[in-house]
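# Descriptive structure summary
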Amino acid sequence: MCGRYQFSVQKHRVLGRILLDAGRCGAPPGATPGEEVTPATTVPVLTAENGSIKSAYQSWGLPGRSGRLIINARSETVCEKPMFCRSVMSRRCVIPASGYYEWDASRHKYFFFLPDRPLYLAGLYDRTDGADRFVILTTQPNVSVRDVHDRMPLILTQEQVRPWLTDWDQARQLLACVPPLLERRREDGQMSLDEFV
């Protein structure tokens with residue numbers, strides 16, 4: 001599960017450009033893409049329009065039947081779920097991030113990231129109550145995440161962003177991709193010796 005991520009323009013200049021592009025028509029009320037992004041926050045995401053990639057503000061989370069906010073969808077079953085099957089065909093998005101946070105069973109907080117570039121998280125969106133809202137797709141964890149949590153975001157490489165957004169055949173293949181390895185660090189002041197390249 002991915003329930004919190006980081007969007008830092010100080011760490012990655014490309015995130016600053018994405019933020020500026022999303023705000024070209026003005027930021028919507030409640031848009032707060034600060035360092036630590038939580039569900040229901042309105043933030044920049046990447047979408048495709050007529051084959052061009054653009055940045056736009058969307059809110060994180062779709063309203064569920066029970067009134068709870070749905071923030072993630074399992075990549076393995078997203079094509080079968082009535083709530084997501086239309087979106088996976090034509091409303092895919094990418095959530096740019098500096099990294100994401102996860103907690104282990106002992107409630108230790110970890111930050112997962114790539115040291116030299118931002119993360120691109122695969123997502124879907126839908127229009128609800130007059131606004132576009134997104135969910136982050138999750139998948140089986142890779143070796144850098146496995147001992148912390150049993151799910152992780154579906155992470156795309158920069159080269160996979162355009163195919164994910166514009167080409168359904170390639171997007172369907174990317175749903176089964178193993179995300180790249182990540183570095184991680186403990187966020188409670190203690191060192192984690194696990195580093196992956």
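This is a predicted model, so every value here is computed, not measured.

Within the fold, Ser-8 resides in the loop between strand S1 (5-6) and helix H1 (13-22). Looking at Ser-8, the relative accessible area reads 1%, which means it is buried. For the pair formed by Ser-8 and Ala-97, sequence separation is 89 residues and the distance between their alpha carbons is 7.4 Å. Leave out the neighbours within four places in its chain, and Ser-8 touches Leu-15, Glu-35 and Ser-98. Only 2.9 Å separates the side chain of Ser-8 from the side chain of Glu-35, close enough to count as a polar contact.

This structure, assessed with the given rule, holds 11 salt bridges. In this structure, the salt-bridge partner of Glu-36 is Arg-4, at a minimum N-O distance of 2.9 Å. Taken together, the residues Glu-36 in strand S2 (residues 36-37) and Arg-4 in the segment before S1 connect sequence positions 32 residues apart. Of the residues examined, Arg-4 reaches a relative accessible area of 26% and is grouped as partly exposed. Between Lys-54 and Glu-49 there is a salt bridge, with its nearest N and O atoms 3.2 Å apart. Residue Glu-49 is classed as partly exposed on the basis of its relative accessible area of 45%. Each of the salt bridges in this network shares a partner with another, and the network as a whole consists of Arg-4, Glu-36 and Lys-109.

With a phi close to 55°, Asn-50 is a non-glycine residue in the positive phi region. Mapped onto the elements, Asn-50 comes out in the loop between strand S3 (42-49) and strand S4 (52-60). One non-glycine residue with positive phi stands out, namely Asp-129, at about 55°. Looking at the element boundaries, Asp-129 is found in the loop between strand S11 (119-128) and strand S12 (131-139). Given a relative accessible area of 69%, Asp-129 falls into the exposed group.

Another aspect to go through is the packing of aromatic side chains. This model, assessed by the stated rule, comprises 6 aromatic pairs. Ring geometry for Tyr-100 versus Phe-112: centroids 5.2 Å apart, planes at 20°, classification stacked. Placement of the pair is Tyr-100 in strand S9 (residues 99-103) and Phe-112 in strand S10 (residues 109-113), with a sequence separation of 12 residues. On the basis of an interplanar angle of 40° and a centroid distance of 5.0 Å, the ring pair of Tyr-101 and Phe-111 is categorised as tilted. With Tyr-101 in strand S9 and Phe-111 in strand S10, the pair connects residues that are 10 residues apart, well separated along the chain. On the basis of relative accessible area, Tyr-101 is assigned to the buried category, the value being 4%. Three or more aromatic residues link up through ring pairs in this structure, and these residues are Tyr-5, Trp-60 and Phe-134. Of note, Arg-92 hangs over the ring of Trp-164, and the distance from its end group to the ring centre comes to 5.8 Å. Note that Lys-109 overlies the ring of Tyr-101, its terminal NZ or CZ placed 4.4 Å from the centroid.

The rules we used
- Residues numbered from 1 in each chain as written.
- Predicted model: local features only at pLDDT ≥ 70, side-chain atom pairs only at ≥ 80, totals over all residues.
- Heavy atoms only, no water.
- Helix = DSSP H or I, 4+ residues; strand = E, 2+ residues; numbered from the N terminus.
- Buried < 20%, exposed > 50% of the residue type's maximum accessible area, 1.4 Å probe, protein only.
- Contact = heavy atoms within 4.5 Å.
- Polar contact = N/O pair within 3.5 Å; in protein donor to acceptor, adjacent residues only side chain to side chain.
- Salt bridge = Lys/Arg side-chain N within 4 Å of Asp/Glu carboxyl O.
- Phe/Tyr/Trp six-rings, centres within 6.5 Å; stacked < 30°, edge-to-face > 60°.
- Lys NZ or Arg CZ within 6 Å of the ring centre and 35° of its normal.

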